[in-house]
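Survey of secondary and tertiary structure
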Amino acid sequence: MKKLAAGMLAAVVAAGLTGCGSVTSGKRIIRISHAQSETHPEHLGLLAFKEYVEERLGDKYEVQIFPNEILGSAQKAIELTQTGAIDFVVAGTANLETFASVYEIFSMPYLFDSEEVYKSVMQDTDYMEQVYESTDEAGFRVVTWYNAGTRNFYAKTPIHTPDDLKGKKIRVQQSPASVAMVNAFGAAAAPMGFGEVYTAIQQGVIDGAENNELALTNNKHGEVAKYYAYNKHQMVPDMLVANLKFLESLSPEEYEIFKDAAALSTQVEMDEWDKSIEEAKNIAVNDMGVEFIDVDVDAFKQKVLPLHETMQKENPKIVDLYQHIQEANEKAKGGQ
Ligand code: GCU
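Now for a quick tour of the structure. (Residues numbered from 1 in each chain as written. Predicted model: local features only at pLDDT ≥ 70, side-chain atom pairs only at ≥ 80, totals over all residues. Heavy atoms only, no water.)

Attention now goes to the pairing of strand β7 (residues 169-172). Note that β7 and strand β8 (residues 188-191) share four bridges and pair parallel. Its bridge partner being in β8, K169 is matched across the sheet by A188. (Pairing = 2+ DSSP bridges. Helix = DSSP H or I, 4+ residues; strand = E, 2+ residues; numbered from the N terminus.)

Structure representation (structure tokens):
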């Protein structure tokens, strides 16, 4: 971690240790940590969250957003949220698997038939609320989700078929289910934090990674990995996670305002996401020399489809949500 970041983290943790959160000039400071840059759709969504809360409750709360893993990697920031040193963190579901195994479902490859099905399931707040409550015992709860697009493989050498993954060392998120998924493709999974990926590719510690298009531009991975294959293996959402005690400290009216702010942040984030993908592709191709490769998605899918069965056998907690998603897939087919 950089010096500045370490100092900032120490200050925040010290503030957090003095009680739940900190109060400056009569206002309760609410701290949100995320891993992306200030131009990323998630940051823009969180700015809308801040504005909405402060417009209504500004005499009582001030929202501070900490981007770029300044307060530490997603895993570290989840711990800070757990203890109440900070109040919110944006983290991919892969980081939540160790706290509630239902989140493993999102590491399952080819789970959603389309982006439309994915969005409809995630926006079904009544259903998702029960999933969100699954980490209560760990001291935090998800309040909304953010679209993090479709994940694809990218590497220093071209990937056209599943065979091209054989023997390649591919970074995955720190989740056992993601490790199993990449290994099932025949590659060697290398779990590590998001912030370490650029250097690991650059130095040849790994051959590539898998992520959405913004990783190429926003996180600059396109500078070191020039081939991006559209094999579309996962749609893994990011979650806005809150310290549970903080949520419980809110009056019912305040809670509603925070929930509405969270829903608004998702709407803004999703709109910004759609705009940012085309732009990211243009930058990647024209400024970074990345080649986007269209592949036979079905060839990749067949390779890992058995994981649908094995994952459900090994983890009964994902079965309900799996069936719910299959119903949504079927319904979408019927509607065509
Ligand atoms: C995406 C996602 C992050 C996640 C990252 C990763 O960028 O938005 O939340 O941390 O992928 O692969 O680690």
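Anyway, onward from the coordinates.
Ranked by size, the top nonpolar core spans 59 residues in total, and within it Y103, F112 and M239 carry the most contacts. Both domains that furnish three or more residues to this core are identified here as domain 1 (26-147 + 234-279) and domain 2 (149-233 + 289-332). Residues in contact with Y103, not counting those within four places in the same chain, are T93, L96, E97, V131, Y132, S134, T135, V142 and M239. In this structure, I32, V143, Y146 and F258 belong to the second largest nonpolar core, which totals 23 residues. (Core = buried A, V, L, I, M, F, W, Y, C linked by side-chain atoms within 4.5 Å. Buried < 20%, exposed > 50% of the residue type's maximum accessible area, 1.4 Å probe, protein only. Domains from an automatic or database assignment. Contact = heavy atoms within 4.5 Å.)

Okay, the pattern of salt bridges next. Applying the stated criterion across every chain yields a total of 15 salt bridges. A salt bridge links E79 to K76, with the nearest nitrogen and oxygen atoms 3.5 Å apart. Placement of the pair is E79 and K76 together in helix α3 (residues 74-83), with a separation of three residues, close to one helical turn. A relative accessible area of 35% places K76 in the partly exposed class. Shared partners join several salt bridges into a network, and the residues in it are D113, E330 and K333. (Salt bridge = Lys/Arg side-chain N within 4 Å of Asp/Glu carboxyl O.)

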